[in-house]
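Overview (structure and organization)
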Amino acid sequence: MSLCPARRRAAALLCVPLLAGLAACAGTGEEAADGRITLTVDTFGTFGYRSLIREYEKAHPEVHVVERVRAFDEHHSALTEALDTGTGAGDVVAVEENYVVQFRTRADDFVNLLDLGAGKKKDNWLRWKWDATLTADGSAQIGLGTDVGGLAMCYRPDLFAQAGLPTDRDAVAELWPTWADYIEAGKRFNVAQLPAAWTDSADNLYNQILAQQTYGYYDRDENLIMERDPGVRTAWNTAIQMVDANQSAKYKPFSAQWVAALQGARFATLTCPAWFLGWIQENAPASRAQWDVTTVPGGAGNWGGSWLTVPRQSAHPREAYRLAAWLTAPEQQLRVFRETGNLPSTPQLYDDPAVTGYRSAFFRDAPVGKIYTAAANRKPAQYLGLRNAAARDIVTGMLSKVETGELTPYRAWKQATAQVRALP
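Rules used in this analysis
Residues numbered from 1 in each chain as written. Predicted model: local features only at pLDDT ≥ 70, side-chain atom pairs only at ≥ 80, totals over all residues. Heavy atoms only, no water. Helix = DSSP H or I, 4+ residues; strand = E, 2+ residues; numbered from the N terminus. Rg over C-alpha atoms; globule rule 2.2 N^0.38 Å. Buried < 20%, exposed > 50% of the residue type's maximum accessible area, 1.4 Å probe, protein only. Contact = heavy atoms within 4.5 Å. Areas by Shrake-Rupley, 256 points an atom, 1.4 Å probe, with all protein chains shown as cover. Lys, Arg positive; Asp, Glu negative; His and termini not counted. Charge placed at Lys NZ, Arg CZ, Asp CG, Glu CD. pLDDT = per-residue confidence, 0-100. Pairing = 2+ DSSP bridges. Axes fitted to C-alpha atoms, helices over the stretch in contact; angles between N-to-C directions. Right-handed = clockwise from strand over helix to strand, strands pointing away. Salt bridge = Lys/Arg side-chain N within 4 Å of Asp/Glu carboxyl O. Disulfide = S-S within 2.5 Å. Nonpolar A, V, L, I, M, F, W, Y, C, P; charged D, E, K, R; others polar.

What follows deals with the overall build of the protein chain. When helices and strands are counted, the protein chain shows 17 helices and 10 strands. Computed over its C-alpha atoms, the radius of gyration of the protein chain comes to 21 Å, within 12% of the 22 Å expected for a compact globule of 424 residues. Counting only C-alpha atoms and orienting by the principal axes, one finds that the protein chain spans roughly 65 × 45 × 40 Å. Burial analysis of the protein chain (424 residues in total) assigns 60% to the buried set. Within the protein chain, residue pairs in contact and separated by at least 24 positions form 77% of the contacts whose partners lie at least 6 positions apart. Total accessible area on the protein chain is roughly 16,400 Å²; 49% of this is exposed by carbon and sulfur atoms. Taken together, the 43 basic and 47 acidic charged side chains of the protein chain have centroids lying 3 Å from each other.

Once that is clear, we can look at the confidence of the model for the protein chain. In regions of low pLDDT, the predicted coordinates are not meant to be interpreted in detail. Looking at the protein chain, the pLDDT average stands at 89 and 92% of residues meet or exceed 70. Taken together, the stretch residues 2–27 has pLDDT below 50 and engages in 101 contacts with residues farther than four places along the chain or on a different chain.

Once that is clear, we can look at the sheet that holds strand 4 (residues 143–148). Strand order across the open sheet formed by six strands is 2-1-3-9-4-10, with mixed pairing between neighbours. Each having just a single partner strand, strand 2 (63–70) and strand 10 (343–344) make up the two edges of the open sheet.

What follows deals with the environment of Val296. If you trace the backbone, Val296 turns up in the loop between strand 8 (292–294) and strand 9 (305–309). On the accessibility criterion, Val296 (2% relative accessible area) is buried. Taking C-alpha positions, Val296 is 8.5 Å from Thr178, a pair spaced 118 residues apart along the chain. Setting aside residues no more than four positions away along its own chain, Val296 makes contact with Leu151, Ala152, Met153, Trp176, Trp179, Gln208 and Gln212.

Backbone geometry at Ala265 places phi at a positive 60°, although glycine is not the residue there. Examined against the element boundaries, Ala265 turns out to sit in the loop between helix 10 (256–263) and strand 7 (267–271). Of note, the phi angle at Ala289 is positive, near 70°, even though the residue is not glycine. Among the secondary structure elements, Ala289 is positioned in the loop between helix 11 (274–283) and strand 8.

Glancing now at the sheet that holds strand 8. An order of 6-7-5-8 is seen for the four strands of this open sheet, with the pairing classed as mixed. The open sheet has two edge strands, strand 6 (197–199) and strand 8, and neither has a second partner. Each strand of the sheet is rotated relative to its neighbour by a mean of 20°, with strand direction disregarded. Note that strand 5 (residues 153–155) and strand 8 share three bridges and pair antiparallel.

So, on to the pairing of strand 2. Counted residue by residue, strand 2 has eight buried out of eight residues, so it is predominantly covered. Chirality of the crossover, the property in question, places the unit of strand 1 (residues 37–44), helix 1 (residues 50–59) and strand 2 among those that are right-handed.

Moving on, we come to the environment of Arg421. You can see Arg421 is positioned in helix 17 (residues 409–421). Through-space distance from the C-alpha of Arg421 to that of Val243 is 25 Å; in sequence the pair is 178 residues apart. Excluding residues within four positions of it along the chain, Arg421 makes contact with Leu224 and Glu227.

The next point concerns the pattern of salt bridges. A complete count under the given rule lists 13 salt bridges for this structure. Asp84 is paired through a salt bridge with Arg106; the nearest N and O atoms lie 2.9 Å apart. Of this pair, Asp84 sits in helix 2 (residues 72–85) while Arg106 sits in the loop between helix 3 (97–104) and helix 4 (127–132); the two residues are 22 residues apart in sequence, bridging distant segments of the chain. Judged by its relative accessible area of 54%, Asp84 falls in the exposed class. The partner of Arg127 in a salt bridge is Asp131, with the nearest N and O atoms 3.0 Å apart.

All right, on to the state of the cysteines then. Taken as a whole and assessed by the stated rule, the structure comprises one disulfide. Through a disulfide, Cys154 is tied to Cys272; the S-S separation comes to 2.1 Å. An S-S torsion of about -125° defines the bridge between Cys154 and Cys272 as left-handed. On the criterion of sequence distance, the pair formed by Cys154 in strand 5 and Cys272 in the loop between strand 7 and helix 11 is long-range, its members being 118 residues apart.

Their axes nearest at 10 Å, the elements helix 1 and helix 13 (residues 330–340) cross at an angle of 145°. Seen from helix 1, the contacting residues are Ser51, Leu52 and Glu55; seen from helix 13, they are Gln332, Arg335, Val336 and Glu339. Classifying every residue of the contact of helix 1 with helix 13 by side-chain character gives two nonpolar, two polar and three charged.

What follows concerns the pairing of strand 7. Of all five residues making up strand 7, five are buried, and the element is well covered by its neighbours. As judged from the three bridges shared by strand 5 and strand 7, these two strands associate in the antiparallel manner. Opposite Met153, over in strand 7, you have Thr271 as the bridge partner.

Shown next as C-alpha cells:
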C-alpha cells in the first residue's frame, strides 16, 4: 500500500494482535504459548492483511502471526532504529516507496531474498517494481512488491450538481484533460459560492502532479535536479496557480479537521491514488456513496506503493520469506484489491476481468479497476532518491506556508531549494 508520502496513511493503532487471547504484541523470534513460531509483521495504514493472516495461520498451524500497525513516519523511523541497534524489527516489514532507496542501500541489513528463491517469482511483479528493491549490481533483492499507487481523482457529484458542473464521471473527466483545465473547472465551481472549496489542499495536488513527471528531486546519480529539471517546478507552479485561484480548503492532509471535512462535504475534489480508496473506507465509512472516482488530469502516473522485506535480525528468515511471498502472490494481491482498493503490482492481473472489470460499491460503482490499471500502465519511471522523503517534506511544508499566506511563492521556493540543498 502506499500513501505514498509517509504521513498519508497514518494509523492510530500501534499493535493489532490477530489471535484472540493474545495479551501483547510478540516480538521477533518469540514462541507462542502453545509452542508455535511467532512471526511479527510490521505495517502501516491499510494493507488489508488481517483476514489473510488468519487464513495463513490455519494453513500453517506451526506459525502464529502478529501484525503491528504504526503511523507512517513512526513505522519507518522504528525500522531505521531497529536496523541501527540490531533489534526490534519485525520478521516481515513493509517499506513504502519514498523510503525504498534509502533502505536498499542497507541491503546487508536485510535477508537477500534471491537466496531463498525469490528470483523464480520475479515475473509476479511489474519490472520497475521488482527493480526498485534490487541492489544496483543485481546481486541482492530485499523486497517483494505489494501494491502500486495508480492515480485518479475523487469528486463529489452532489457539489458538482449544485455548482452546475456535470456529474457523470466520463463527462467530469472531459472537464480536465490537463491540470490547467482542472483549475479552470475550479473557477467555474467557485462562481457558485458554495460553502465548500474546490479541493482539499495544495499538498495533495502537488504530490499527485509530481508523481506524473519523468524526473523528481534527484537523478539516478543522486544529484539534486529540482532547480534545473522542470518536474518539481511544474508541480509547484501548478499548485501555486490553484492556491492563487482560491481553490484550496487549506487542510493539513489526514488531520482530524481534514477527515471531518472529507465527511462533511467541505471540498469537491480530492486526488486519489489507489491505496487511498481503502483509507477512506476504513477511516471515513460515513462517506459511502458520497464520492465518485474518475480519470486524473494527465490520465497517467503512480503515487505510492510498498514492499515487504525480511530484516536479517529475524530469527525465522525462511518462514518470514514464505509468509511475505504468500502475502504478495497474485492471488492475495487480487483479494486485497477487491477488499481495499490497493492496486496490485502484478502485471498479469491487469488483463484479468476481476481487476479491470472491478467496480467499487463504496464509490458509487466507479470502475476503479479500469481507471487505476490504465494510469499505472502509463506511468513514467521516476527515480526516487535517497533523500526523497526529506526533500518532499521540505517542499510541501513551504507550499503549505504559501497556502496559509505566511510566505510568498517566491520566498517559499527559495527557502525550499536552499533547505533541500543543505540536506546531509
